[in-house]
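Understanding the architecture of this molecule
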Amino acid sequence: ARLSRFVATLPACRIAMEACGSAHHWARRFRTYGHEVRLIAPQFVKPFVKSNKNDAADAQAICEAAQRPMMRFVAVKTVEQQDIQAIHRMRSLMVERRTAQINQIRGLLLEYGIEIPVGRAAVNRHLPEILEDGENGLSARFRAELAQLADELRHLDTRVTHYDTQIEAVAQQDEQ
């Protein structure tokens, strides 16, 4: 809150920042105060850090980098662009979790001598049969836990499908 109030009182100027987690938020806010905001990718700031990494050294490096005539700046994202990026990141996380869940299920079943071919489709196809087969040597306890893993896997599938739908909706609405 103090930073925002301070920047609001400055006369219009150029503000350079390293592009980090909150940089786009701050850039949009500072622009509403009439400032020109330049975001610099961290890899373009790093060569200008002259000593140990700290706030003062970082600020000096950002100032140096911002003054370079050939410096490439990061475009400030709109809220809509950040929304899309967030949806992609959430989808990616769900895909990673789903893959880990599939691998865990396959690995656990291998310990009981039950092999499922590689791939999500194979697990989705074979897992219900394995859970229903009372003659495959799985204990009631493990079968119950495996059923829980199967439920979690279905939930992850649902989340990925949800994000796919969101991404498709954005693609249909946005001419770019």
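Residues numbered from 1 in each chain as written. Predicted model: local features only at pLDDT ≥ 70, side-chain atom pairs only at ≥ 80, totals over all residues. Heavy atoms only, no water.

Description of the environment of Ile102
Just so we agree on the cut-off: Labels follow the DSSP assignment, with helices taken as runs of H or I lasting at least four residues and strands as runs of E lasting at least two, numbered in each case from the N terminus. Only protein chains enter the calculation, and the probe is 1.4 Å; a residue is then buried if its accessible area is under 20% of its type maximum, exposed if over 50%, and partly exposed in between. Only heavy atoms matter for contacts: two residues are in contact if any of them lie within 4.5 Å across the pair.
Inspection of the secondary structure puts Ile102 in helix α5 (residues 79-110). With a relative accessible area of 7%, Ile102 lands in the buried category. The spatial distance from the C-alpha of Ile102 to the C-alpha of Tyr112 is 16 Å, given a sequence separation of ten residues. Among residues more than four places away in sequence, those in contact with Ile102 are Gly119, Arg120, Val123 and Leu153.

Considerations on the packing of α5 against helix α6 (residues 120-132)
Going by this rule: Geometry is summarised by axes, namely lines fitted to C-alpha atoms with helices restricted to the contacting stretch, and by angles between N-to-C directions that run from 0 to 180 degrees. For classification, angles of less than 35 degrees are called roughly parallel, those exceeding 145 degrees roughly antiparallel, those between 65 and 115 degrees roughly perpendicular, and all remaining angles oblique. Handedness of a helix crossing follows the sense of rotation of the near helix relative to the far helix, less than a right angle counterclockwise being left-handed and clockwise being right-handed. Three categories are distinguished: nonpolar for Ala, Val, Leu, Ile, Met, Phe, Trp, Tyr, Cys and Pro, charged for Asp, Glu, Lys and Arg, and polar for the others, with Gly belonging to the last.
Where α5 meets α6, the axes come as close as 11 Å, and the angle between the chain directions of the two elements is 45°. Between α5 and α6, the interaxial angle falls into the category oblique. Crossing handedness for the pair α5 and α6: left-handed. In this structure, α5 contributes Arg98, Ile102, Ile105, Arg106 and Leu109 to the contact, and α6 contributes Arg120, Val123, Leu127 and Ile130. Residue composition of the contact of α5 with α6, by class: six nonpolar, no polar and three charged.

So, the pattern of salt bridges
So the rule is basically this: Salt bridges are defined as contacts in which a side-chain nitrogen from Lys or Arg sits within 4 Å of a carboxyl oxygen from Asp or Glu.
A complete count under the given rule lists nine salt bridges for this structure. One salt bridge in this structure joins Glu64 and Lys50, with 3.8 Å as the shortest N-O distance. One end of the pair, Glu64, is in helix α4 (residues 55-66); the other, Lys50, is in the loop between α3 (42-45) and α4, with 14 residues separating them in the sequence. Relative accessible area serves as the criterion here: at 30%, Glu64 is assigned to the partly exposed category. Arg68 is the partner of Glu64 in a salt bridge, and the nearest nitrogen-oxygen pair spans 3.5 Å.

A closer look at the packing of aromatic side chains
Quick note on the threshold: For Phe, Tyr and Trp, where Trp contributes only its six-membered ring, two rings pair if their centres lie within 6.5 Å, and the inter-plane angle classes them as stacked under 30 degrees, edge-to-face over 60, or tilted in between. Over a ring means this: the NZ of a Lys or the CZ of an Arg is within 6 Å of the ring centre and within 35 degrees of the ring normal.
What the rule picks out here adds up to two aromatic pairs. Ring centres 5.6 Å apart and planes at 35° place the aromatic pair Trp26 and Phe30 in the tilted group. Residue Trp26 and its partner Phe30 are both found in helix α2 (residues 23-32); the two are separated by four residues, about one turn of the helix. We note that Trp26, like Phe30, is buried. Ring geometry for Tyr112 and Phe142: centres 4.3 Å apart, planes at 25°, overall stacked. Placement of Tyr112 in the loop between α5 and α6 and of Phe142 in helix α7 (residues 140-173) is noted, with a sequence separation of 30 residues between them. Judged by its relative accessible area of 38%, Tyr112 falls in the partly exposed class. In this structure, Arg38 packs its charged tip against the face of Phe73, placed 4.5 Å from the ring centre.

With respect to the environment of Val49
Note on placement: Val49 falls in the loop between α3 and α4. Spatially, the C-alpha atom of Val49 lies 54 Å from that of Leu127, the residues being 78 residues apart in sequence. Beyond its immediate chain neighbours, meaning those up to four positions away, Val49 contacts Ala57, Asp58 and Ala61.

Re the nonpolar core
So the rule is basically this: To form a nonpolar core, buried Ala, Val, Leu, Ile, Met, Phe, Trp, Tyr and Cys residues must be joined to one another through side-chain atoms within 4.5 Å.
Counting 15 residues, the largest nonpolar core has Ile105, Leu109, Val123, Leu127, Ile130, Leu138 and Leu146 as its most contacted members. Breaking this core down by element, the ones donating at least two residues are α5, α6 and α7. With five residues, the top contributor of residues to this core is α7. Among residues more than four places away in sequence, those in contact with Leu146 are Ile105, Leu109, Leu127, Ile130, Leu131 and Leu138. Counting eleven residues, the second-largest nonpolar core is a separate cluster that includes Val7, Ile15, Phe30 and Val76.

Overview of α7
Keep this limit in mind: What a helix is expected to span follows from its residue count: subtract one and scale by 1.5 Å.
For α7, with 34 residues, the first-to-last C-alpha span of 50 Å sits near the 50 Å given by 1.5 Å per residue. Within α7, burial applies to Phe142, Arg143, Leu146, Leu149, Ala150, Leu153, Leu156, Asp157, Val160 and Tyr163. Each element contacted by the buried residues of α7 is listed here: α5 and α6.

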